[in-house]
Amino acid sequence: MSQLRGDYKAVWNSLSGSKHAAYLHVAGHTDEDKFHDDGEDTADILRATVGIRAADVVLEIGCGVGRVGRVLAPFVGQWIGCDVSANMLRLAGRRLLGIPNTRLQEISGYDLRPFADNSIDVVYTTVVFMHLEEWDRYTYVLEALRVLKPGGRFYCDNVDLASPAGWRVFEESRLQFKPGERPSQISKCSTQPEIETFLRRAGFGDVNVATRLNFWVYGWGRKPEAK
Ligand SMILES: C[S@@+](CC[C@H](N)C(=O)[O-])C[C@H]1O[C@@H](n2cnc3c(N)ncnc32)[C@H](O)[C@@H]1O
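Small disclaimer: the values here were computed from a predicted structure and weren't measured. (Residues numbered from 1 in each chain as written. Predicted model: local features only at pLDDT ≥ 70, side-chain atom pairs only at ≥ 80, totals over all residues.)

Peer 1: Would you mind going over the sheet that holds strand β4 (residues 120–125) in detail, with residue names and values included?
Peer 2: The seven strands lie next to each other as β3-β2-β1-β4-β5-β7-β6, forming an open sheet whose pairing is mixed. Because the sheet does not close on itself, it has two edges, and the strands there are β3 (102–106) and β6 (205–212). Taken pair by pair, the neighbouring strands of this sheet meet at an average axis angle of 15°, ignoring direction. Of the pairings in the sheet, the one linking β6 to strand β7 (residues 216–222) comprises six bridges and is antiparallel in character. Bridge pairing links Asn-208 to Trp-220 in β7. Each of β2 (78–83) and β3 touches helix α5 (residues 86–95); the most contacted strand, β3, lies at about 170° to it. (Pairing = 2+ DSSP bridges. Helix = DSSP H or I, 4+ residues; strand = E, 2+ residues; numbered from the N terminus. Axes fitted to C-alpha atoms, helices over the stretch in contact; angles between N-to-C directions. Contact = placed C-beta atoms within 7 Å.)

Peer 1: An account of unusual backbone geometry is needed here, citing residue identities and associated values.
Peer 2: For Asn-118, which is not glycine, the phi torsion reads 55° and is therefore positive. One can find Asn-118 in the loop between β3 and β4. With 13 C-beta atoms counted inside 10 Å, the residue Asn-118 sits in the partly exposed group. Backbone geometry places Leu-213, a non-glycine residue, at a positive phi of 55°. (Buried ≥ 20, exposed ≤ 12 C-beta atoms within 10 Å, placed from the backbone.)

Peer 1: Can you lay out the site of the ligand for me, pointing to particular residues and giving the numbers?
Peer 2: Residues in contact with the ligand amount to 21 residues; listed here are only the nearest, Trp-12, Gly-62, Gly-64, Arg-67 and Gly-109. Tallied by class, the residues present in the shell around the ligand amount to twelve nonpolar, six polar and three charged. (Near = placed C-beta within 6 Å. Nonpolar A, V, L, I, M, F, W, Y, C, P; charged D, E, K, R; others polar.)

Shown next, in the form of structure tokens:
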């Protein structure tokens, strides 16, 4: 392992030096049709959890090449894609060309500093928490609460350690890589109690946590209305 896992900018820029590499590290394949279908699936999950409304300002943490933004943007007021990697954002810019209500923003990898308090309707992050240290996952949950408007909604997901396939991910990594040789971006799972704890501790209300496809754990909640 040459890079520290927590040096997200260096790690993810090095994984996305070409379109091919970036697609592989985002989705594990480079098939544009499948990419689009996967994006539709994620958009449907967001509709079923936090809900998607025509006037919403929506922010994705770790947007990659805009897999989800491309299908979601036509259904919302504004879609904002944030990522730690300038390479990913450059590729996202190409995929989103001609979709006017989109904005891309490079972030530090640890916060949502470019965004004002109480300014966003929906914050979501998908296929990102597995690459972050637990502390940095929680900091993003706190940051989501800060930037959301009162009543705003948050969604996050990860691989579920307690699911059969999640356990396989854990075991394969444990057996494949010796300590000191683990790739910086190696996936680390979550559990339902972790996601629920992070959302509740941050101050979200209406917290829900669920699993699906024997693989994913996901949680969503609402920022309390101002008193
Ligand atoms: C597996 S990809 C998923 C991309 C996108 N969410 C999707 O589902 O298509 C992980 C993305 O998270 C970004 N990322 C990694 N660490 C990050 C961090 N600390 N803050 C923001 N983005 C990060 C990577 O650059 C990459 O684009």
